[in-house]
Amino acid sequence: MVRRVLREYTFKLLFHVNFYEGEELQEQLANFLENEEGLDDASRQLLAGKAREIISLIPQLDQQIAAVSKGWKLARMGKVDLTIIRLALYEMIYDDQVPGKVAINEAVELAKKYGGDESPQFVNGILAKLIRESNSSPQT
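Residues numbered from 1 in each chain as written. Predicted model: local features only at pLDDT ≥ 70, side-chain atom pairs only at ≥ 80, totals over all residues. Heavy atoms only, no water.

**Regarding the nonpolar core**
Taken as a class, soluble globular proteins show a tendency for nonpolar side chains to be buried jointly.
And then number 1: Core analysis: the biggest nonpolar cluster contains 39 residues, and Ile65, Ile84, Ile85, Leu127 and Leu130 have the highest contact counts within it.
And then number 2: Secondary structure elements with two or more residues in this core: helix H1 (3-15), helix H2 (22-35), helix H3 (41-68), helix H4 (79-94), helix H5 (100-114) and helix H6 (119-136).
And then number 3: Broken down by element, this core gets its largest block of residues, 10 residues, from H3. (Core = buried A, V, L, I, M, F, W, Y, C linked by side-chain atoms within 4.5 Å. Buried < 20%, exposed > 50% of the residue type's maximum accessible area, 1.4 Å probe, protein only. Helix = DSSP H or I, 4+ residues; strand = E, 2+ residues; numbered from the N terminus.)

So, in structure tokens, the structure goes:
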């Protein structure tokens, strides 16, 4: 399956985090994966694993997002925008196969498709700040 399509499914899976917790979240994710017709078993397993990994990292991802989103508390951000930013940040930090610029470009495309009129600029701005922040922080 094409990486862009997998990314879009991952976004849809992660979007559930905004509405469900714990056992109910796991049930919703399982239902989504089971009922999505365009997925084969290997893709379902890949998506489930990636979604679980990203969900486990949300506290760390949110901490980084909050650090650069001056004047924007995470609770104030649109759920679509926040989900896209989390996914892109995950790819930028933890997915060695996705260059940072590609993660940002794909995030902006998702924002154009699923977000509001201001979403592409907002997502791009937050991700650009995250890149600048990571480039300016001292390496240990």
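From this point on, the discussion continues.
**Observations concerning the side chain of Glu106**
And then number 1: For Glu106, the position within the fold is in helix H5.
And then number 2: Not counting residues within four places of it along the chain, the set of residues in contact with Glu106 comprises Arg4 and Arg7. (Contact = heavy atoms within 4.5 Å.)

**Overview of H2**
And then number 1: With 14 residues, H2 should cover 20 Å at 1.5 Å per step; its first-to-last C-alpha distance of 20 Å lies within 8% of that length.
And then number 2: Buried-residue contacts for H2 involve H1 and H3. (Expected span 1.5 Å × (residues − 1).)

**Here we look at H3**
And then number 1: Compared with the 40 Å implied by 1.5 Å per residue over 28 residues, the 38 Å span of H3 between its first and last C-alpha is a close match.
And then number 2: For H3, the principal kink sits at Ile58 and spans about 55 degrees; a proline, Pro59, occurs within the next four residues. (Bend = angle between axes of the 7 residues up to and from the residue.)

**A few points about the packing of H1 against H5**
And then number 1: The interhelical angle for the contact between H1 and H5, taken along N-to-C directions, is 60 degrees, at an axis separation of 11 Å. Regarding the angle of H1 to H5, the classification is oblique. Viewed along their axes, H1 and H5 form a crossing whose handedness is right-handed. Along the contact surface, H1 presents Arg4, Arg7, Glu8, Phe11 and Lys12, while H5 presents Asn105, Glu106, Glu109, Leu110, Lys113 and Tyr114.
And then number 2: In terms of residue class, the contact of H1 with H5 is made up of 3 nonpolar, 1 polar and 7 charged. (Axes fitted to C-alpha atoms, helices over the stretch in contact; angles between N-to-C directions. Parallel < 35°, antiparallel > 145°, perpendicular 65-115°, else oblique. Left-handed = near helix turned anticlockwise from the far one by under 90°. Nonpolar A, V, L, I, M, F, W, Y, C, P; charged D, E, K, R; others polar.)

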